Amino acid sequence: MSTVLQAAIVGIPLAWHLGLTAIAYYDAGRVGLDPPAKWAAITFCVPILGFFTYLFERSELSYDPETDPYRGNNFNIHPSRADDSPLPSRGDDRLSPADGVGNEDGTDDGS
């Protein structure tokens, strides 16, 4: 194999790898993910997955609870499952299906 081909096979992926590491280091310091050396080390030691981990962690910085469509809801229900009874969750203050059964006057007939 020629030296130029070997240099291209090794050099191009290495340049991409070092470039992604440099981007993670520079951008982490700019957006406030401290310390930026940690994110550069993660990107360098875990080549592709480390950079995507950095991107996912970076996207969590822009979370605004006021614009979150799921805020205040326990879960989102698909319309085809809307008639199913919900499962209770920790801290859930909704009535269970058994608690909501009763007569119109609010009394339970024992059934």
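The structure under discussion appears in the preceding block.
Residues numbered from 1 in each chain as written. Predicted model: local features only at pLDDT ≥ 70, side-chain atom pairs only at ≥ 80, totals over all residues. Heavy atoms only, no water.

What to know about the pattern of salt bridges
Here is step 1: In this structure the tally under the stated criterion is two salt bridges.
Here is step 2: Here D27 makes a salt bridge to R30, at a shortest N to O gap of 2.6 Å. Here R30 and D27 lie together in helix α1 (residues 3-31), a separation of three residues that amounts to about one turn.
Here is step 3: In this structure, R58 and D27 form a salt bridge, with 2.4 Å as the shortest nitrogen-oxygen distance. (Salt bridge = Lys/Arg side-chain N within 4 Å of Asp/Glu carboxyl O. Helix = DSSP H or I, 4+ residues; strand = E, 2+ residues; numbered from the N terminus.)

Quick notes on the environment of L14
Here is step 1: Tracing the backbone shows L14 in helix α1.
Here is step 2: What makes L14 partly exposed here is its relative accessible area of 42%. (Buried < 20%, exposed > 50% of the residue type's maximum accessible area, 1.4 Å probe, protein only.)

Some points on the side chain of T43
Here is step 1: Tracing the chain through its elements places T43 in helix α2 (residues 36-45).
Here is step 2: Given a relative accessible area of 1%, T43 falls into the buried group.
Here is step 3: In terms of polar contacts, T43 uses its side chain to reach the backbone carbonyl oxygen of W39, at 2.8 Å.
Here is step 4: Once residues within four sequence positions are removed from consideration, T43 is found in contact with H17, L20, T21, A24, G50, F51 and Y54. (Polar contact = N/O pair within 3.5 Å; in protein donor to acceptor, adjacent residues only side chain to side chain. Contact = heavy atoms within 4.5 Å.)

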